[in-house]
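Per-entry structural report
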Amino acid sequence: MHFFLKLGLNLIKMRNLTLILATLIFVILCTVIAYLLEPDNFESLPNSFYFVMTTFSTVGYGDYSPVTAAGKTFAVIMYLVGIGLLGVVIGKIVDAFTIFRRKREEGKLKYGKDNHIIIVGWSKKTAAAVQELLESDDRVEVVVIDVLEKSPIDLAVDRVHYIQGDPTCEETFEKANISSAKSVVVFSDDNIQDHSLKDAKTLSIAITAERVAPDVHTTVEIMTEKNKTNFSHVNVDEFILSQQTISSLAVRSAMYKGVTKVYSQLMSRQYGEDLYKISKKENWHTYRDAFLDLLQQGATLIADRDKLDINRRLDEKIADDAVLYVVCNSETYQKLTS
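What counts and what doesn't
- Residues numbered from 1 in each chain as written.
- Predicted model: local features only at pLDDT ≥ 70, side-chain atom pairs only at ≥ 80, totals over all residues.
- Heavy atoms only, no water.
- Salt bridge = Lys/Arg side-chain N within 4 Å of Asp/Glu carboxyl O.
- Helix = DSSP H or I, 4+ residues; strand = E, 2+ residues; numbered from the N terminus.
- Buried < 20%, exposed > 50% of the residue type's maximum accessible area, 1.4 Å probe, protein only.
- 1 Å grid on protein atoms, 1.4 Å probe; cavity = no way out; pocket = protein on both sides within 12 Å on 5 of 7 lines; lining within 4 Å.
- Points joined across faces, edges and corners; volume = space filled by probe spheres on them.
- Nonpolar A, V, L, I, M, F, W, Y, C, P; charged D, E, K, R; others polar.
- Pairing = 2+ DSSP bridges.
- Axes fitted to C-alpha atoms, helices over the stretch in contact; angles between N-to-C directions.
- Contact = heavy atoms within 4.5 Å.

**Considerations on the pattern of salt bridges**
- Within the structure shown, the criterion is met by eleven salt bridges.
- Notably, a salt bridge pairs glutamate 141 with lysine 113, separated by 3.0 Å at the nearest N-O pair. You can see glutamate 141 sitting in the loop between α6 (124-136) and β2 (142-146) and its partner lysine 113 sitting in the loop between α5 (69-105) and β1 (117-120), a full 28 residues away along the chain.
- Across the pair glutamate 221 and lysine 125 runs a salt bridge, and its minimum N-O distance is 2.8 Å. Of this pair, glutamate 221 sits in strand β5 (residues 217-222) while lysine 125 sits in helix α6; the two residues are 96 residues apart in sequence, bridging distant segments of the chain.
- For glutamate 221, a relative accessible area of 3% translates into the label buried.
- Lysine 125 sits in the partly exposed class, given a relative accessible area of 27%.

Shown next as structure tokens:
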């Protein structure tokens, strides 16, 4: 009894690779020895291997079994050692899955895919943004960075990955594979009350992100417009003025009743017509060509990058690197990009 207890403890302490190799070698040896002891009974090595595996797994169908005293004695020894060995291997495999799940839940696994979107800071805004992204594109994957001990996202959502770490540290962004990301969005920390301190933390995060991956598109939320100048030395691509956006929307609603429904459709793909980005086509030479062609297909051209005065530029030539924005439904967009 002491021997088997000691053997079991030694097996548990073995390194995983060593244990797997030892198990394979033991199975092969048992297969060969069982066949050599009773070649007429097992007839072939595959039959002997089948007998060994059914014995180790305690299935024991009985269609193959030793008939000689030597064979039966060896089978008992093989049974006692093999079941323990295979049990430890299975336990190691189960432990590996458990450790993997725990590390994924705690945000300690590195993200290895590309063309994903990184969102820094978990809040209600982040939850809404993640949902919007997943519903907008069934191929996009999202990586959320925060300091929470466990993932705030249901692990069943396989297109969302959580990274735990300080977003002002380069190592955290490297774990999120920022160099291969499509874009980064930095939300203000709702746990900080002072707006200047919020923007200061956002600035620190933006500096880190741009230092690690200067070519990745970065969007940051700032609370106060005057703090925008503090970001002048950081290559941030776009800013979202949180309070100003809400205030402007409230004013527009007061002046033009029902206008918020228009904003909602343009800002979210969950309601009505949506805003989409398309590329220039070869047969479009001027904005008029693009405007009329798109109109016939059920889409309305409204902008080229930040130029919203397309209706006054109809006879101008479209640049080859133009980024055009249209308003249409998802079905029309699929036809335009197919």
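Now, onward.
**Some points on the layout of surface pockets**
- Reported here for the second largest pocket is a volume of approximately 300 Å³.
- Around the second largest pocket, the lining comprises 18 residues; the ones closest to its centre are Gly121, Trp122, Asp146, Asp189 and Asn191.
- Mapped onto the lining of the second largest pocket, the elements with two or more residues apiece are β2 and α8 (195-212).
- Considering every element that reaches the lining of the second largest pocket, the biggest residue donor is α8, with four residues.
- In terms of residue class, the lining of the second largest pocket is built from eight nonpolar, five polar and five charged.

**Examining the sheet that holds strand β7 (residues 274-279)**
- Spatially, the three strands line up as an open sheet ordered β7-β9-β8, and their pairing is antiparallel. Sheet topology places β7 and β8 (300-304) at the edges, where each strand pairs with a single neighbour. In this sheet, neighbouring strand axes are inclined to one another by 35° on average, regardless of whether the strands run parallel or antiparallel.
- The pairing of β8 with strand β9 (residues 323-328) spans four bridges and is antiparallel. Paired with alanine 303 across the strands is tyrosine 325, a residue of β9.
- Sitting on the sheet, helix α11 (residues 287-296) touches β7, β8 and β9, and the angle it makes with β8 is about 145°.
- Those strands touched by helix α12 (residues 330-337) are β7 and β9, and its axis lies near 5° from that of β7.

All quantities given are derived from atomic positions and should not be read as evidence of function.
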